[in-house]
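Architecture and fold: a report
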Amino acid sequence: MMEGPRIQTREEMSSFLTENEGVDVNRLVPLPFPYEDWQDEPIPRLTDSQLERIVPGPDGIAAAQIPVPESDEERDRVVASFLEGLRKLLTKENNWTFLQPFILSLENCVKCQTCADACPIYTGSGEMEVYRPTFRAEILRKIVDRYIKPGGSIFPKLRGNDIELDWDVVVRLAELSYRCTLCRRCAQTCPVGVDNALITREIRKLFSQELGIAMPELHEKGTVKQLTVGSSTGLNPAGLADIMEFAEEDIQEKAGLNIPMPMDVEGAEYLVMHNAGEFLSWPENLQAFAIILEAAGIKWTLSSELLGYDSVNYGLFYDDVQYSRVALKHYEVAKNLGVKKMLVGECGHAHKALMPIADRLIPEELRVRTESCLVLLEDLVVNEKLLLDPSRNDFPVTLHDPCNITRSMGIVQPERNILKKIAPRFREMEPHGVHNYCCGGGSGFAICSSLNFSQWRTRVAGRLKFRQILEAFADEIGPGTKKYLCAPCSNCKGQMRDLINYYEAWDRCGILYGGLVELIVNAMVDVREGFIEWEMH
Amino acid sequence: MVGYLLGGWVWLCLVTFAGGCLLRAFKYATAPVHLRWDLYPVAHEPGRDHGGSYFEQLEWWTKKREKDHLAEIFAMAAEILLLKGVWENNRRLWWASFPFHWGLYLLVGTTLGLMAVMVGLGSPFVTVVLTAGGVIGGGLTCLGALALLVMRSTDQKLRLYTTPLDRANLLVLVLFGGLTVAIAVGFPGMNDVPAGLVSLLSFGGATIPAVWALQIAVGALFLFYLPLTRMVHFFAKYFTYHQVRWDDQPIEENPKMASRLQAALAFGVDWSADHVGGGRTWGEVATTIPGMEEGE
């Protein structure tokens, strides 16, 4: 199956010549029992009418939805703007936010390819060259060396700057920046400390901040909508009130408890920041949080202020300006409400956006202490502040580690301590913790399903994760045993849902996915039995 | 005449090497403070064995921060001396890279030893050590570079990303390593080497055998271009580890950094995309949204 890379020469690499035939699903990494005979459906090519409007990447996939230019002048303008953006990316004025790590990674990769085997997309795809972590980074390095640095056109072939920059190269590079989930597993294995995922993020940033090109789900439907409407889901404060009313009724019905959803409580201990995707797709997560916090006697609140009810910050994935605007708004809401702390719910990128990354951005006057929900939950569970009956969770459970919480923040043990306490049949995936594989939905991919991207996401980006899940449950893989895949992250859950649906894992293996708080509530003695509903949704 | 020319070449290369390295290090060191980009495990964290951080603690800001500097040093030492990351993640390459790096370390050590002898710190024991350093260091460098050259020429994954200049660089090191072995063997006890070097560097006019002159010229050439290459990772690695992936210090513990960040917010932004609204400072851009009322 491993035929080796189809790009065979440096010239082909520089012009992305030969990957145009698209992803060959027969090369994808094989899956274990009961999927030995699994036949992947091919990823559909863009239709002729789509190709008239949109430029796909070198693999035939389209995420950024770059429009086909109407004239040669427009093509030239894109190339010129790209070079202008690249220059800005290398200045401290325009890019102080990441200049140092960027230039360190740009200038010191020794091209040893140690990172390649760490990348779940490269390996999962059957080693497609355009997905290699160094591929897009190396294209950018060539362009910088040839077109930005002085004397770049002297002996370009000898020095490896053998790239002719044109519109095709520019737009393909833009598309390829959306074939990496920024999970940073590659960076973790780099002996020099180079971070090719960061370079990918910088490429996205260049296109967004200079040319206005970004994956629409991240920009127009993401940060722009969030900053104007209040949430990237489009949820406004009135809609939020309806959802909270429904949540109260649902808790009464399912758990037999009367629990109010506190809103805008000034001076509360915690402002709980949920990914608003939970409200619409997984309301049981929001409800489980409410049940736990009430049972623990914690004074908490939600916010109905614009942005205050959606912890999402997709700017983290592609645009420093949008990231900063959203992060500042989040802290402003918390400050104005006068809460003592912010508690980040089960959302990986919100953890990273609100905690380590915001640390050097939020001015002192807006600072509010911020904490991971996993740490608070660990305290409540391990110190027996909740009445729990682990036998209610007597089914196989495994944990998916969200990259942003583990690899990028070092929160690894609390979730394990909780699971060891409440899930007697808990087992780890391999590898796990900070060495986990990304779910394949990272960096905003989970919310992108347009054109043929969701097919790519399930078949290629999530391939290794799905294999890991099967291996974790290998001893009880039959559909007769219901199994719980715990993913304490909203975007990861979106990807898990799509993986389970595509691979028919609920019917074939009885694998259900959900968050961590649902498992805790499922074990709570004071809650009616059966909080987890064993049906695929 | 050859001696004078060679002396001049060596000085030129040494100055270029030192100046080039300093300039690059200066560029990295003076880059503006960046947003955090931690990557776990972080070697100085008490929870490093499982990749944990201080964020694992309830009310982490109230806890005394523990930073294990010794663990950080051990982690770096394992990287530098054992190439631990390559061993764990790219075993095949390690068999070539490890001897290559150790060859270079030994050659650097031998050169420092020669300098010690040049200032009168020599002894018979030192001479034996230097000879061994030259033979083993040169040999490992030569063989390691040769192995890397073969791998970079035959392995498709490496070949695609290897430039003609990368190959030339490895050839230079194969040659330099081989010549070093020849000299260490050919000048028993290396007795004449320190005096010859002193004469060369002080333009004393001493006659230097051809093979040795070639070795010096090739070694100097390597130093000359090194700062222009990715081989500066020998110091860049300090920044990638200590100032990026292991830099997890909260801002409130570093008031100096806070004032540098304040200065960064005054930088002018001229990104062109409409949503940025360039032509203002970072602080202004981040707190306003084009098309919406100021500060809304």
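Residues numbered from 1 in each chain as written. Chains lettered and ligands numbered in written order. Predicted model: local features only at pLDDT ≥ 70, side-chain atom pairs only at ≥ 80, totals over all residues. Heavy atoms only, no water.

Here we come to the overall build of chain A. Looking only at helices and strands, chain A features 25 helices and 10 strands. Rg of the C-alpha trace for chain A: 23 Å, near the compact-globule value of 24 Å for 537 residues, within the 12% margin. Taking the principal axes of the C-alpha coordinates as reference, chain A spans close to 75 × 55 × 45 Å. Each of the 537 residues in chain A was classed as buried or not, and the buried ones make up 69%. Contacts in chain A between residues far apart in sequence, at least 24 positions, make up 78% of those at least 6 positions apart. Carbon and sulfur atoms make up 49% of the accessible area of chain A, which amounts to about 16400 Å² in all. On chain A, the mean spot of the 58 positive side-chain charges and the mean spot of the 78 negative ones are 5 Å from each other. (Helix = DSSP H or I, 4+ residues; strand = E, 2+ residues; numbered from the N terminus. Rg over C-alpha atoms; globule rule 2.2 N^0.38 Å. Buried < 20%, exposed > 50% of the residue type's maximum accessible area, 1.4 Å probe, protein only. Contact = heavy atoms within 4.5 Å. Areas by Shrake-Rupley, 256 points an atom, 1.4 Å probe, with all protein chains shown as cover. Lys, Arg positive; Asp, Glu negative; His and termini not counted. Charge placed at Lys NZ, Arg CZ, Asp CG, Glu CD.)

Turning next to the interface of chain B and chain A. Taken residue by residue, the interface counts 82 residues in chain B and 96 residues in chain A. Summing both sides of the interface, chain B and chain A together bury roughly 8100 Å²; the carbon and sulfur share of this comes to 59%. Linking chain B to chain A there are 9 salt bridges. For D247 of chain B, the salt bridge identified is with R360 of chain A, shortest N-O distance 2.8 Å. Across the chain B-chain A interface, the total number found is 52 residue pairs in polar contact (both at pLDDT 80 or more). Those elements that provide at least two residues to the side of chain B that touches chain A are α1 (2-29), α3 (84-89), α6 (156-159), α7 (164-186), α10 (233-245), α11 (255-264), β1 (268-269) and α12 (282-287) of chain B. If one sorts the elements of the side of chain B that touches chain A by residue count, α10 of chain B sits on top with 9 residues. Residue classes in the side of chain B that touches chain A are distributed as 42 nonpolar, 21 polar and 19 charged. (Buried area = accessible area lost by both parts, 1.4 Å probe. Salt bridge = Lys/Arg side-chain N within 4 Å of Asp/Glu carboxyl O. Polar contact = N/O pair within 3.5 Å; in protein donor to acceptor, adjacent residues only side chain to side chain. Nonpolar A, V, L, I, M, F, W, Y, C, P; charged D, E, K, R; others polar.)

Oppositely charged side chains are able to pair whenever their charged atoms sit close together. Residues and elements named next belong to chain A. Scanning the model with the defined rule gives 50 salt bridges over all chains in all. With a shortest N-O distance of 3.0 Å, D195 and R184 are connected by a salt bridge. Here R184 lies in the loop between α9 (167-176) and α10 (185-189) and D195 lies in the loop between α10 and α11 (196-211), a separation of 11 residues in the sequence. According to the relative accessible area criterion, D195 is buried, its value standing at 5%. For R184, a relative accessible area of 2% corresponds to the buried category. Between K493 and E278 there is a salt bridge, and its shortest N-O distance comes to 2.9 Å.

The next point concerns the domain arrangement of chain B. Considered domain by domain, chain B is made up of domain 1 (2-245) and domain 2 (265-296). For domain 1 of chain B and domain 2 of chain B, the distance between their C-alpha centres works out to 45 Å. (Domains from an automatic or database assignment.)

Attention shifts here to the packing of aromatic side chains. Within this structure, the stated rule accounts for 34 aromatic pairs over all chains. In this structure an aromatic cluster arises from ring pairing among Y35, W38, F466, Y502 and Y503 of chain A. A cation over an aromatic ring shows up here: K254 of chain A above the ring of F531 of chain A, its NZ or CZ 4.6 Å from the ring centre. Here R91 of chain B stacks its cationic end above the ring of W87 of chain B, 3.6 Å away from the centre of that ring. (Phe/Tyr/Trp six-rings, centres within 6.5 Å; stacked < 30°, edge-to-face > 60°. Lys NZ or Arg CZ within 6 Å of the ring centre and 35° of its normal.)

All names here are of chain A. Across the sheet, which stays open at both edges, the 4 strands sit in the order β8-β7-β9-β10 with parallel pairing between neighbours. Strands at the two margins of the open sheet, each flanked by one partner only, are β8 (426-427) and β10 (511-514). In terms of strand pairing, strand β7 (residues 397-399) meets strand β9 (residues 483-486) through 3 bridges, oriented parallel. Within the sheet, the bridge partner assigned to T398 lies in β9 and is L485. The sheet contacts of helix α20 (residues 413-422) involve β7 and β8, and relative to β7 the element is tilted by about 175°. Contacts from helix α23 (residues 490-502) reach β9 and β10 within the one sheet, and its direction differs from that of β10 by about 165°. (Pairing = 2+ DSSP bridges. Axes fitted to C-alpha atoms, helices over the stretch in contact; angles between N-to-C directions.)

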